Amino acid sequence: MSALPSPALLANGQPLSGSKPPLVAPERVAEVWRDRLNLLLESTGEGVFGIDMDGRCTFINRAGAQMLGHDPEEVLGRDMHALAHHTHPDGQHYPAEQCPIFNAFRAGVHCRIDSEVLWRRDGTAFPAEYSSYPILDEGVVHGAVVTFVDITKRKLHEEQLRAAHELLERRVAERTRIAREIHDELGSLLVGLKMDVSWLEKRLDDRLNLRCKCQDMRGLIDMAVDNVGRIITDLRPSILDHQGLWATLEWQAQDFADSGELRCLWSMDIAPNLTAPEGPLATAVFRIFQELLSNVARHANATQVEMRISATPSDITLLVKDNGRGAPPSAFDSTDAYGVMGMRERAGHFGGWLHIDSQLGSGTTVILTMPLYQQGQAVPLEGAVS
């Protein structure tokens, strides 16, 4: 690209005294700016084209033409709707008068669409996100500039995430069903069996050895009842359904403090009148908290653990910090670190993240952050676990 003319210079590089830069013709200025704009258009990876009031292409960059399977010269002057926007994704004809691009710029407004497809020269289509911006001159619309990108990978990713979310919801529902059946069926059988053993024990006054056997059986039944309760809680803690996430997290923290020999520092800061999330998101937060405390009990060899929970209308943050033996960072990225992978997948499924800070001999700090502002329409990452 030619540069604008420089001021007249002396041999030593100093400008002539009193000299002025020569005037540059308006046509030359326009040419320079056209060159610069062309370079800008050609350097972007997005498709960019312009259309006049009839919808015909006035310019298109190479990236845009290639996405449509054409050379730029083949597109100029063509009706862009008829060329690349003529059919709905289901194969039905797309009338030009229904085209958001045309309707928007003719009304002098901007539009952005990401739910339609554009068609290539070879008859194949690709999902596209496009935006239309009207070209205005003194309030008069002269056409529009349209930018577009191929979002095939994004749509595929969104479809995978939807499938993962549905799978997670089915698994949560199945866990709830199994927990209910265990409670109703197995729990009732054990209670009935304990009553029968007690009845039998009362009728063995003269058979001390059999009475002792009945007492042992009653102890085993009590143990089975406790185990059934634990299994039910692991599958789906009833407190989560009855009292919500905040109470469930507090119960889990208190239960951990009561059952262990660690010094526990516990705090909970929930924004006033903040409603606890429900459904799969609440289950995910609880399960991650449960797994964090379980890891401390099994692996940390700590004497103190700090648990902090805070929630605002936008997100919830859990911190679990111990003074145990710690581990090198590589341990948490290992392919066999299934617990960590599961927590990260749960968090990522709802757009959250898990940060782990650990060093040998310096304990471990884990921070979970989960967004709450979009709990009904979370955009998760790949993967889902039950």
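Refer to the structure above for everything that follows.
Per-chain numbering applies: the sequence of each chain, read as written, is numbered from 1 onward. Totals for whole chains, interfaces and linings use all residues, but because this is a predicted model, local features are given only for residues with pLDDT of at least 70 and pairs of side-chain atoms are given and counted only at 80 or more. The side-chain values count all of the structure's non-hydrogen atoms but skip hydrogen atoms and water molecules.

(A) Region of interest: the packing of helix H10 (residues 279-300) against helix H11 (residues 338-349). Note on definitions: angles span 0 to 180 degrees between N-to-C directions of axes, and those axes are lines fitted to C-alpha atoms, for helices only across the stretch in contact. The numbering of helices and of strands both runs from the N terminus, where a helix is a DSSP run of H or I of at least 4 residues and a strand a run of E of at least 2. One can describe the packing of H10 onto H11 by two numbers: an axis separation of 10 Å at closest approach and a directional angle of 155°. Compared by their axis directions, H10 and H11 come out roughly antiparallel. As for how H10 packs across H11, the hand of that crossing is left-handed. The residues of H11 that touch H10, namely those facing Ala284, Arg287, Ile288, Glu291, Leu292 and Asn295, are Gly339, Met343, Arg346 and Ala347. Here the angle decides the label: under 35 degrees means roughly parallel, over 145 means roughly antiparallel, 65 to 115 means roughly perpendicular, and every other value means oblique. For any pair of crossing helices, the crossing counts as left-handed if the nearer helix is rotated counterclockwise from the farther one by less than a right angle, and right-handed if it is rotated clockwise. Pairs of residues are marked as contacts when any of their non-hydrogen atoms sit within 4.5 Å.

(B) Broad picture of the layout of surface pockets. Whether a set of points on the 1 Å grid over the protein atoms alone is a cavity depends on a 1.4 Å probe fitting there but being unable to get out, while an open set qualifies as a pocket with protein on both sides within 12 Å along at least five of seven lines; lining residues are those with an atom within 4 Å of a point. Grid points are joined across faces, edges and corners, and a volume is the space filled by probe spheres set on the points. If you add up the space inside the largest pocket, you get close to 460 Å³. What lines the largest pocket is a set of 22 residues, and nearest its centre among them are Asn295, His299, Ala327, Phe332 and Val340. Of all the secondary-structure elements, those providing two or more residues to the lining of the largest pocket are H10, strand E8 (315-322), H11 and strand E10 (364-371). A per-element tally of the lining of the largest pocket places H10 first, with six residues. Nonpolar residues are Ala, Val, Leu, Ile, Met, Phe, Trp, Tyr, Cys and Pro. Charged residues are Asp, Glu, Lys and Arg, and all others, Gly as well, are polar. Its residues placed into classes, the lining of the largest pocket shows 13 nonpolar, five polar and four charged.

(C) Seen up close, the packing of aromatic side chains. Only rings of Phe, Tyr and Trp enter the pairing, Trp through its six-membered ring, and a pair is recorded when the two centres are within 6.5 Å. The plane angle decides the type: under 30 degrees is stacked, over 60 is edge-to-face, the rest tilted. Going through the model one piece at a time under the given rule, you end up with two aromatic pairs. On the numbers, 5.9 Å between centres and 85° between planes, the contact of Phe102 with Phe105 is edge-to-face. On the criterion of helical spacing, the pair formed by Phe102 and Phe105 is a turn pair, its members being three residues apart in helix H5 (residues 100-106). With respect to burial, Phe102 and Phe105 carry one shared label: buried. With a 1.4 Å probe rolled over the protein chains alone, any residue whose accessible area is under 20% of its type maximum counts as buried; one over 50% counts as exposed, and the rest are partly exposed.

(D) Highlighting the sheet that holds strand E5 (residues 140-150). DSSP-based pairing: two strands are paired if at least 2 bridges between them are found. Taking strand neighbours across the sheet as the criterion, the five strands line up as E2-E1-E5-E4-E3 in an open arrangement whose pairing is antiparallel. Two strands lie at the open edges of the sheet, namely strand E2 (57-60) and strand E3 (111-119), each paired on one side alone. Each strand axis lies, on average, 30° off the axis of its neighbour in the sheet, ignoring direction. Here strand E1 (residues 47-51) runs beside E2; their pairing, made up of three bridges, is antiparallel. What sits directly across from Phe49, in E2, is Ile60.

(E) Up close: the environment of Thr248. Tracing the backbone through its elements, the reader meets Thr248 in helix H9 (residues 244-259). A relative accessible area of 0% places Thr248 in the buried class. The spatial distance from the C-alpha of Thr248 to the C-alpha of Thr283 is 10.0 Å, given a sequence separation of 35 residues. Every residue in contact with Thr248, bar those within four places of it in the chain, is listed here: Ile239, Leu240 and Phe286. Two N or O atoms count as a polar contact when they lie within 3.5 Å, although within protein this holds only if one can serve as hydrogen donor and the other as acceptor, and sequence-adjacent residues are included solely when both atoms are side-chain atoms. At 2.7 Å, the side chain of Thr248 and the backbone oxygen of Gly244 are in polar contact.

(F) Region of interest: the pattern of salt bridges. Here, a salt bridge means any side-chain nitrogen of Lys or Arg that lies within 4 Å of a carboxyl oxygen of Asp or Glu. All chains considered together, the criterion is met by 11 salt bridges. With its nearest N and O atoms 3.9 Å apart, the salt bridge here joins Lys155 to Glu158. Of this pair, Lys155 and Glu158 both sit in helix H6 (residues 152-202), separated by three residues, roughly a single helical turn. By relative accessible area, Lys155 is classed as partly exposed at 27%. Since its relative accessible area comes to 28%, Glu158 is described here as partly exposed. Ionic contacts of the salt-bridge type, sharing partners, join the residues Arg112, Asp114, Glu129 and Arg154 into one network.

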